[in-house]
Amino acid sequence: MTLISTNPPALRPGLPGAAVARIDPRLRVCVALVFAVLMSQVDGFGALGLGLAAGLGLLLASGQPIGPVLRRMAAMDGFILFMLVLLPFTTPGVPLFSVWGHGASLEGLRDACDILLTANAVVLMVLVLPGTLEPVTLGHALGRLGVPLSLVNLLLFTVRYITVLEGEYQRMRQAMRARAFAARSDLHTLTSLGYLVGMMLVRAQERSERVLQAMKCRGFNGALPLIDAMRWRGADTLWALGFAGLLGAVIALEIAHVPGA
Amino acid sequence: MHIVDGALSAPVLIAGAALTAGGIALGLRQMTLERIPAAGVLSAAFFVASLIHVAVGPSSVHLILNGLAGLILGWTAFPALFVALLLQAVFFGFGGITVLGVNTLNIALPAVLVGLALRPLIAAGGPRAAALWGAVGGAGAIALTTLFVAAALVFSGDAFVPAAKLVFLAHVPVMVIEAAISAAAVVLIKRVKPDLFAGAPAVAAV
């Protein structure tokens, strides 16, 4: 199951053949979290580079199509581009070059590169490790890791109904097209889209009432049972040791870097 | 609007995560057994609505609709928007992991504030009042969100001040769009199913 059909295209859920696809879901979630926290705190380019290289290596090993993952990474870079371009000009420090009388500093450029490397390394790791799980499996893994059950239930319900409501949305858009609606930049367009959103919410509410009644008929008591057997395998221990080694190497490079800075 | 990993300082990240954990706990406490399906399906509806793109000049923006989410979900908007941001971060790569707390706070706290302030007014007023408060809620939630984003950047370093100002200016068209769409949506819901504003998400009469 994928989250939505078209926009943006979904990654292939883990290929059965690739070793990365068989890593325990709980381990994937934990590694992604620890890796993100660590990467957001290191500054040395050695440590940052190692993190990014590890992300790229894992992407290659995972057997995922490389294009879509890199495109998504580039999309995120687009979001932050303006901030990164501004940073060298707004950070005080050793002047490096100037554009129209505004000096760019070495420190600012370094900060911008730091953010760029961190963000890309984390996005790669997240898209390859937990990002290739089925959304439902992610919910179960979070539940097994001690996330409150009501939050996990909310996530599972959301994942279940995104596809349904996406279909509802497409049907209403089609009905609007059949009545010659074309989106423009005017108030009529915004009002029509507002009615569309309002109707979608009304239908969502009415659907949820039917869902609740159907679930009560089947003995719903507030908790969706997590029916899967997440078994820790010997290979997972090896993977865990490997990830621990990677995180240790990042920390070692960072410590080695600081005195020379 | 999504802040990425690596941009914010550790104190801002920790404060954001702690406040978001508190908000989620409050929201979950209001989500009784009867309300779980309504919260889940509405949360999915807001996720789909956030994929709608509206043209602005040569570019386009996607809807956020956190004001509308607060008006309908109340405190439950906190866990609902957290789930949406988590799914976007993990499966689409939008935003980041360490910034999840800050990003959730930036989107969900304005939603809850708008809901607390305006839901009684919409429930009590006529269609004209509903349209007005819907627009105020839609624009107000985005304005607050951009202010929170700017504050998170500025608390992380003075070098971000120009970027923070730019974030606010860049979102003025988004405020206009969200005001118009929220107003229309509120008017329609008020006419078709006013229970949605009557308090916590309406529950099937059982």
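Rules and cut-offs
- Residues numbered from 1 in each chain as written.
- Chains lettered and ligands numbered in written order.
- Predicted model: local features only at pLDDT ≥ 70, side-chain atom pairs only at ≥ 80, totals over all residues.
- Heavy atoms only, no water.
- UniProt positions renumbered as here; feature names shortened; annotations may be inferred.
- Helix = DSSP H or I, 4+ residues; strand = E, 2+ residues; numbered from the N terminus.
- Buried < 20%, exposed > 50% of the residue type's maximum accessible area, 1.4 Å probe, protein only.
- Contact = heavy atoms within 4.5 Å.
- Areas by Shrake-Rupley, 256 points an atom, 1.4 Å probe, with all protein chains shown as cover.
- Lys, Arg positive; Asp, Glu negative; His and termini not counted.
- Charge placed at Lys NZ, Arg CZ, Asp CG, Glu CD.
- Phe/Tyr/Trp six-rings, centres within 6.5 Å; stacked < 30°, edge-to-face > 60°.
- Lys NZ or Arg CZ within 6 Å of the ring centre and 35° of its normal.
- Pairing = 2+ DSSP bridges.
- Salt bridge = Lys/Arg side-chain N within 4 Å of Asp/Glu carboxyl O.
- Buried area = accessible area lost by both parts, 1.4 Å probe.
- Polar contact = N/O pair within 3.5 Å; in protein donor to acceptor, adjacent residues only side chain to side chain.
- Nonpolar A, V, L, I, M, F, W, Y, C, P; charged D, E, K, R; others polar.
- Axes fitted to C-alpha atoms, helices over the stretch in contact; angles between N-to-C directions.
- Patch = residues over 30% accessible without salt bridge, like charges linked within 9 Å, V, L, I, M, F, W, Y side chains within 5 Å.
- Core = buried A, V, L, I, M, F, W, Y, C linked by side-chain atoms within 4.5 Å.
- Domains from an automatic or database assignment.

Per an unreviewed UniProt entry, the recorded name for chain B is Cobalt/nickel transport system permease protein, and the organism is Phaeovulum vinaykumarii. Within the UniProt record for chain B, the comment given under Subcellular location (unreviewed entry) is "Cell membrane".

Named according to an unreviewed UniProt entry, chain A is Cobalt/nickel transport system permease protein originating from Phaeovulum vinaykumarii. Under the UniProt heading Sequence similarities (unreviewed entry), the note attached to chain A is "Belongs to the CbiQ family." The record in UniProt for chain A states the following under Subcellular location (unreviewed entry): "Cell membrane".

### Describing the overall build of chain A
Summing up its helical and strand segments, chain A has 8 helices and 2 strands in all. In sequence order, the secondary structure elements of chain A are arranged as α-α-α-β-β-α-α-α-α-α. Along the first, second and third principal axes, the C-alpha set of chain A runs to 65 × 55 × 30 Å. In chain A, which comprises 261 residues, the share counted as buried stands at 46%. Put simply, of all contacts in chain A between residues at least 6 apart along the chain, 73% involve residues at least 24 apart. Accessible area of chain A: about 12400 Å², with a carbon and sulfur share of 66%. In chain A, 21 positive and 15 negative side-chain charges are present, and the distance between their average locations comes to 14 Å.

### Examining the packing of aromatic side chains
Two numbers describe a pair of aromatic rings. These are the distance of the centres and the angle of the planes. Enumeration according to the criterion identifies 5 aromatic pairs over all chains in this entry. Note on F47 of chain B and F92 of chain B: the rings are 6.3 Å apart at their centroids and 50 degrees apart in plane angle, and the pair reads as tilted. Note that F47 of chain B is positioned in helix α2 (residues 36–49) and F92 of chain B in helix α4 (residues 77–92), a separation of 45 residues in sequence. Exposure class is identical for F47 of chain B and F92 of chain B. Each is buried. Aromatic rings pair up to connect F47, F92 and F94 of chain B into one cluster. The residue whose ring lies beneath R160 of chain A is Y161 of chain A, and the NZ or CZ to ring-centre distance is 4.8 Å.

### Quick look at the pairing of strand β1 (residues 53–56) of chain B
Residue and element names in this part refer to chain B. The pairing of β1 with strand β2 (residues 59–62) spans 4 bridges and is classified as antiparallel. Opposite V56, over in β2, you have S59 as the bridge partner. Hairpin connection, β1 to β2: the antiparallel pair is bridged by 2 residues, and G57 has positive phi, about 55 degrees.

### Notes on the UniProt feature "transmembrane region" (unreviewed entry) in chain B
The UniProt record annotates "transmembrane region" (unreviewed entry) at residues 12–30, 36–56, 68–91, 97–118, 130–155 and 167–189 of chain B. Spanning residues 97–118 of chain B, this segment combines 86% helix with 0% strand, and its end C-alpha atoms are found 32 Å apart.

### Here we look at the pattern of salt bridges
All names here are of chain A. According to the stated counting rule, one finds 9 salt bridges over all chains in the structure shown. Here E168 makes a salt bridge to R203, at a shortest N to O gap of 3.4 Å. Taken together, the residues E168 in helix α6 (residues 149–178) and R203 in helix α7 (residues 187–217) connect sequence positions 35 residues apart. Classification of E168 by relative accessible area gives buried; the value is 6%. What makes R203 partly exposed here is its relative accessible area of 32%.

### Some remarks on the interface of chain B and chain A
Of the residues lining the interface, 71 residues belong to chain B; the matching set on chain A comes to 74 residues. In total, chain B and chain A occlude about 6200 Å² of area from one another, counting both sides; carbon and sulfur atoms represent 82% of this. By the criterion of area lost to chain A, the three top residues of chain B are V41, F91 and F92 of chain B, representing 10% of everything that side buries. Counting every contact that joins chain B to chain A gives 3 salt bridges. Applying the counting rule to chain B against chain A returns 5 residue pairs in polar contact (both at pLDDT 80 or more). Going through the elements one at a time, α1 (10–30), α2, β1, α3 (66–73), α4, α7 (161–170) and α8 (172–192) of chain B are the ones with two or more residues in the side of chain B that touches chain A. Looking at the side of chain B that touches chain A, the element that brings in the most residues is α2 of chain B, giving 14 residues. Across the side of chain B that touches chain A, the residue classes break down as 62 nonpolar, 6 polar and 3 charged.

### A short note on the packing of α7 of chain B against α8 of chain B
Residues and elements named next belong to chain B. Axis separation between α7 and α8 bottoms out at 4 Å; the angle between their running directions is 35 degrees. Here F168, L169 and A170 of α7 lie close against α8, whose contacting residues are V172, P173, V174 and M175. Here the contact of α7 with α8 is built from residues that sort into 7 nonpolar, no polar and no charged.

### Describing a nonpolar patch on the surface
All names here are of chain A. A cluster of nonpolar side chains, contributed by V94, L96, F97, L106 and L109, occupies part of the molecular surface with about 400 Å² of accessible area. Of all the elements in the fold, those that place two or more residues in the nonpolar patch are β1 (95–99) and α4 (106–128). Mapped onto the secondary structure, V94 falls in the loop between α3 (66–90) and β1. The class of V94 is partly exposed, set by a relative accessible area of 45%.

### Remarks on the nonpolar core
Grouped together as the largest cluster of nonpolar side chains are 150 residues, with contacts concentrated most on L201 of chain A together with L8, L68, I72 and I181 of chain B. Take this core: its biggest share by element is 14 residues, from α4 of chain B. Counting contributing residues per domain, this core is built from domain 1 (24–133 + 231–260) and domain 2 (141–217) of chain A, each supplying no fewer than three.

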